[in-house]
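A closer look at the structure
Read off the chains here:
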Amino acid sequence: MEPKVNTLLFLQAASPDEEEAEKVYKSRIADVEDDILYIEVPLEEDTGRLKRLNLGDELSAYFLAEGGVRHHFNTHVIGFRDDVIKLVAIRKPDPDSIRKVQRRSFLRVPAVLELAVKLASQVRFLAYTEDIGGGGISFVTDPRWSIRPGDVMECWLLIPYKNGTIEHAFFKPEVVRVKKLESGRQQIMAKFIEISDSERQKIIRYCFERQLEFRKR
């Protein structure tokens, strides 16, 4: 699968500065030519600030396809074009160089986050996660809620970031397994079956922040 017009790209720029190299930017493909992708000036996910790119800058990029499959490729800035807005020209990747990363490879981290759950029966309750990732979630709740494998829920996850901002991510997960705990409570393990790219990226961003915290300990 090749990137197309209106595809959302997530970018990291090669830099000797470790903090800068870890920043994730997002952009949209505005036009495609034979061997060129024209993208909008990237915005930093954390701050919304524009990323100034220069000729020759090396970029690591990926986009998401149906089912949450990431398509990774490396590219570099080859020019600029003034349209209605300024566009950045990057080298279009050879299809054979695009690497696919399946949903099961999404990073998963332990995390206690507030989760609002709505069941098909319209019952609503609050729970707390045990771990989260770009492909699924697990949480612990009271056994009075009748939840079985195959059930589809609607969930709203409260996500606090290191910079103090708070986001809410909405998704529909399907229950894969229900485990009764020694405490009498039940652990629910579920996979995402409906989630937008932007909502998934909120969760992935949080997971990366948590992973960096673990590495520094």
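Our subject is the structure that appears above.
Residues numbered from 1 in each chain as written. Predicted model: local features only at pLDDT ≥ 70, side-chain atom pairs only at ≥ 80, totals over all residues. Heavy atoms only, no water.

So, unusual backbone geometry
- You will see that Asn6, though not glycine, has its phi angle at about 80°, which is positive.
- Counting through the fold element by element, Asn6 comes out in the segment before strand E1 (8–13).
- The exposure class of Asn6 is exposed, given its relative accessible area of 53%.
- The backbone of Gln122 shows a phi angle near 75°, a positive value even though the residue is not glycine.
- Relative to the helices and strands, Gln122 resides in the loop between strand E10 (114–118) and strand E11 (124–133). (Helix = DSSP H or I, 4+ residues; strand = E, 2+ residues; numbered from the N terminus. Buried < 20%, exposed > 50% of the residue type's maximum accessible area, 1.4 Å probe, protein only.)

So, a negative patch on the surface
- A surface patch of like charges, here negative, comprises Asp17, Glu18, Glu19 and Glu22.
- One can find Glu22 in helix H1 (residues 18–22).
- For Glu22, a relative accessible area of 36% translates into the label partly exposed. (Patch = residues over 30% accessible without salt bridge, like charges linked within 9 Å, V, L, I, M, F, W, Y side chains within 5 Å. Areas by Shrake-Rupley, 256 points an atom, 1.4 Å probe, with all protein chains shown as cover. Salt bridge = Lys/Arg side-chain N within 4 Å of Asp/Glu carboxyl O. Lys, Arg positive; Asp, Glu negative; His and termini not counted. Charge placed at Lys NZ, Arg CZ, Asp CG, Glu CD.)

A short note on the side chain of Lys202
- Structurally, the position occupied by Lys202 is in helix H2 (residues 197–216).
- Accessibility expressed as a relative area gives 18% for Lys202, which makes it buried.
- The residues contacting Lys202, other than those within four sequence positions of it, are Ile159, Tyr161, Glu167, His168 and Ala169. (Contact = heavy atoms within 4.5 Å.)

Quick look at the environment of Phe192
- When you line up the elements, Phe192 lands in strand E15 (residues 186–194).
- The exposure class assigned to Phe192 is buried, which follows from its relative accessible area of 1%.

Concerning the nonpolar core
- Counting residues in hydrophobic clusters, the biggest one holds 28 residues, and the most contacted among them are Ile132, Met153, Leu157, Phe171 and Ile203.
- Among the elements of the structure, E10, E11, strand E12 (136–141), strand E13 (154–160), strand E14 (166–180), E15 and H2 are those that each provide at least two residues to this core.
- Contacts of Ile132, omitting those with residues within four sequence positions, involve Leu107, Arg108, Val109, Ala111, Leu113, Ile137, Leu157, Ile203, Tyr206 and Cys207.
- Core analysis: the second largest hydrophobic core is formed by 16 residues, Tyr25, Ile39, Phe73 and Ile98 among them. (Core = buried A, V, L, I, M, F, W, Y, C linked by side-chain atoms within 4.5 Å.)

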